[in-house]
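# Inside the fold
Listed below, chain by chain, are the residues.
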Amino acid sequence: TRRELSHEQDDEDDDGDDPSALLYTITATFNGSTAHYQQVENGQVNDHEVDAAMSACFSWEPKTGALSVFCKEREARRELATIFRDVALAHDGDIADMPMRQFDLLGFSTSKMLDRLKKDRVAGVDDISILQVTVAKPFEQKSEVSGRDVVRPLASKMQISRDRRDGRNIYQVAYEDYGVEDLSQYALMQVKLVMRMSKTQHRKAHNVAVQVTAPNGLNDRSRTDDDRKRVLE
């Protein structure tokens, strides 16, 4: 277990509840991937391929029932979630019954998103700015591995970043600095946002960094439950 950092720490309102043991993290490491390396043998450079360890990390929040699965093999995440549910949580049934948070970042491919972020903000959020966008060109490439042809899905990625003090928006930066006029020609992989949380009676206005990764990744630096709820909204 690890300490839940999203709870607001206020000694005056401390009710004695221990804000720990709310997030459980289990990491399983096993031989499930392949490592490639070269070695000089008798004056010749030879390619080697060996079994290598890979890890699956599970994070479960009992309070909300949220389960996060992190693994390089995206296609295996749903199956790994099923294993965790069946073994660690002792549940059964169709994995489809477990709600899965999924993000479609296609809307960030055009500057129309800037208007949406102004118009569709939830109460308690003063401003949302786009700090970074990662796009990719997916493709397949055939290569020979151990004497057999293997087709691998690959992606050439490009990261478009805006300095937080830059007065331009991310789409101006993409056009003026990267020469990209239309992001819709790429697959949107990841977006980093900065949310300006409103001032409240007990807290001053502050920023929360949010990273959204397609299709299921969400990381934020919320410090309170209220921050987290606004991020999810």
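In what follows, the structure referred to is the one given above.
Criteria and thresholds
- Residues numbered from 1 in each chain as written.
- Predicted model: local features only at pLDDT ≥ 70, side-chain atom pairs only at ≥ 80, totals over all residues.
- Heavy atoms only, no water.
- Phe/Tyr/Trp six-rings, centres within 6.5 Å; stacked < 30°, edge-to-face > 60°.
- Helix = DSSP H or I, 4+ residues; strand = E, 2+ residues; numbered from the N terminus.
- Buried < 20%, exposed > 50% of the residue type's maximum accessible area, 1.4 Å probe, protein only.
- Lys NZ or Arg CZ within 6 Å of the ring centre and 35° of its normal.
- Arc of directions from axis to C-beta.
- Contact = heavy atoms within 4.5 Å.
- Polar contact = N/O pair within 3.5 Å; in protein donor to acceptor, adjacent residues only side chain to side chain.
- Pairing = 2+ DSSP bridges.
- Axes fitted to C-alpha atoms, helices over the stretch in contact; angles between N-to-C directions.

We now examine the packing of aromatic side chains. Tallied over the full model, the rule gives 2 aromatic pairs. Relative to Phe84, the ring of Phe58 has its centre 5.1 Å away and its plane inclined at 20°; by these criteria the two rings are stacked. Of this pair, Phe58 sits in strand β2 (residues 44–61) while Phe84 is found in helix α1 (residues 77–87), placing the two residues 26 residues apart along the sequence. Residue Phe58 shares its accessibility class with Phe84, and that shared class is buried. The cationic tip of Lys137 hangs over the ring face of Tyr186; the distance from NZ or CZ to the ring centre is 5.1 Å.

Within an α-helix, residues lying three or four positions from one another point in the same direction, as the helix has 3.6 residues per turn. Among the residues of helix α3 (residues 170–178), Ile170, Tyr171, Val173 and Ala174 are the ones counted as buried. Along the axis of α3, the buried residues cluster in a sector spanning 160°; they form a single face. Each element contacted by the buried residues of α3 is listed here: α2 (112–119), β4 (125–145) and β5 (148–161). Between the side-chain oxygen at the start of α3 and the backbone nitrogen of Tyr171 there is a gap of 2.9 Å, and the oxygen is on Asn169. Directly after α3, the chain includes Gly179, whose backbone phi takes a positive value near 70°.

Time to look at the sheet that holds strand β3 (residues 66–70). Pairing within the open sheet is antiparallel, and its 3 strands lie in the order β1-β2-β3. One side of each edge strand has no neighbouring strand; the edge strands of this open sheet are β1 (24–41) and β3. Neighbouring strand axes in the sheet, compared pairwise and without regard to direction, differ in orientation by 10° on average. Across 17 bridges, the pairing between β1 and β2 is antiparallel. Considered in β2, the bridge of Ala35 is made with Val50.

Our next topic: the sheet that holds β5. Strand order in the open sheet formed by 5 strands is β5-β4-β6-β7-β8, and the pairing between neighbours is antiparallel. Looking at strand neighbours, the two that pair on one side only are β5 and β8 (217–220), the edges of this open sheet. On average, adjacent strands in this sheet sit at an angle of 20° to one another, irrespective of strand direction. As paired strands, strand β6 (residues 187–197) and strand β7 (residues 206–213) are joined by 8 bridges and run antiparallel to one another. By the bridge assignment for β7, Val194 is matched with Ala209. With respect to the sheet, α3 is in contact with β4 and β5, its orientation differing from that of β5 by roughly 105°.

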